[in-house]
Amino acid sequence: MSYGASAYARVSQTALSPREAEAAVLIKAATRLQAIQSDWSNQAPGLSEALNFNQKVWTIIAGAATAPESPLPAEIKNSIAELSTFVFKRMIDTLIEPTAEKLSALISINQNIAAGLRM
């Protein structure tokens, strides 16, 4: 097999579908938040950056899911919009009054949505 063909074969095996990519990014955000939560006394200074990353992830998810051209049913669009609102409010609340416990909901949501995307 030529070098080009073997390179293509390797990439095609590792390329992620859009759902898998969304799940991977949600897990990355959850992992960052979880690392801070697990070692709050040492990692708390990274909270703002981790929440900013999570906010970017959720802005993209909410925008894509609720866009008029999204093929999702209206009920799911509404549910994602409501969940996104909760996530954004929790992030703001966590920035205003930071505690490790407030990260649990964000971590859980990201992990559960990622698991659903991988089904």
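These figures come from a predicted structure and were not determined experimentally.

(A) Spotlight on the overall build of the protein. Along the protein, the regular secondary structure elements total six helices and zero strands. Secondary structure elements in the protein, listed N-terminal to C-terminal, are α-α-α-α-α-α. Expressed as a percentage of the 119 residues in the protein, the buried residues total 29%. Of the contacts formed within the protein by residues at least 6 apart in sequence, a portion of 65% connects residues at least 24 apart. About 7,500 Å² of surface is accessible on the protein, with carbon and sulfur atoms providing 60% of the total.

(B) Molecular detail of the side chain of Asn110. Within the secondary structure layout, Asn110 lies in helix α6 (residues 103–117). Residues within four places of Asn110 in sequence aside, it is in contact with Leu26, Ala29, Ala30, Leu33, Asn54 and Trp58.

(C) Summary view of the packing of helix α2 (residues 18–38) against helix α4 (residues 47–66). For the pair α2 and α4, the least separation of the axes is 9 Å and the interaxial angle reads 160 degrees. Judged on the interaxial angle alone, α4 and α2 are roughly antiparallel. At the point where α2 passes α4, the crossing takes the left-handed sense. Listed contacts from α4 to Val25, Leu26, Lys28, Ala29, Arg32, Leu33 and Ile36 of α2 are Leu47, Glu49, Ala50, Leu51, Phe53, Asn54, Val57, Trp58 and Ile61. Classifying every residue of the contact of α2 with α4 by side-chain character gives twelve nonpolar, one polar and three charged.

(D) Looking closely at the packing of aromatic side chains. Across all of its chains, the model carries zero aromatic pairs by this definition. Above the face of the Phe53 ring, Arg32 is positioned so that its terminal group lies 4.7 Å from the ring centre.

(E) Expanded view of the packing of α4 against helix α5 (residues 74–96). Across the interface, α4 lies against α5 with an axial gap of 10 Å and an inter-helix angle of 165 degrees. In terms of axis orientation, α4 runs roughly antiparallel to α5. At the point where α4 passes α5, the crossing takes the left-handed sense. Here Leu47, Ser48, Leu51, Asn54, Gln55, Trp58, Thr59, Ala62, Ala65 and Thr66 of α4 come into contact with α5, specifically with Lys77, Ile80, Ala81, Leu83, Ser84, Val87, Phe88, Met91, Thr94 and Leu95. For the contact of α4 with α5, the class distribution of residues is twelve nonpolar, seven polar and one charged.

(F) Structural detail: α5. Helix length check: α5 (23 residues) gives 33 Å between terminal C-alpha atoms against 33 Å at 1.5 Å per residue, within 8%. For α5, the set of buried residues is Lys77, Ile80, Ser84, Val87, Met91 and Thr94. Check the buried side of α5 and you find it contacts α4 and α6.

Procedures and definitions
- Residues numbered from 1 in each chain as written.
- Predicted model: local features only at pLDDT ≥ 70, side-chain atom pairs only at ≥ 80, totals over all residues.
- Heavy atoms only, no water.
- Helix = DSSP H or I, 4+ residues; strand = E, 2+ residues; numbered from the N terminus.
- Buried < 20%, exposed > 50% of the residue type's maximum accessible area, 1.4 Å probe, protein only.
- Contact = heavy atoms within 4.5 Å.
- Areas by Shrake-Rupley, 256 points an atom, 1.4 Å probe, with all protein chains shown as cover.
- Axes fitted to C-alpha atoms, helices over the stretch in contact; angles between N-to-C directions.
- Parallel < 35°, antiparallel > 145°, perpendicular 65-115°, else oblique.
- Left-handed = near helix turned anticlockwise from the far one by under 90°.
- Nonpolar A, V, L, I, M, F, W, Y, C, P; charged D, E, K, R; others polar.
- Phe/Tyr/Trp six-rings, centres within 6.5 Å; stacked < 30°, edge-to-face > 60°.
- Lys NZ or Arg CZ within 6 Å of the ring centre and 35° of its normal.
- Expected span 1.5 Å × (residues − 1).

This is a description of form; function is not addressed.
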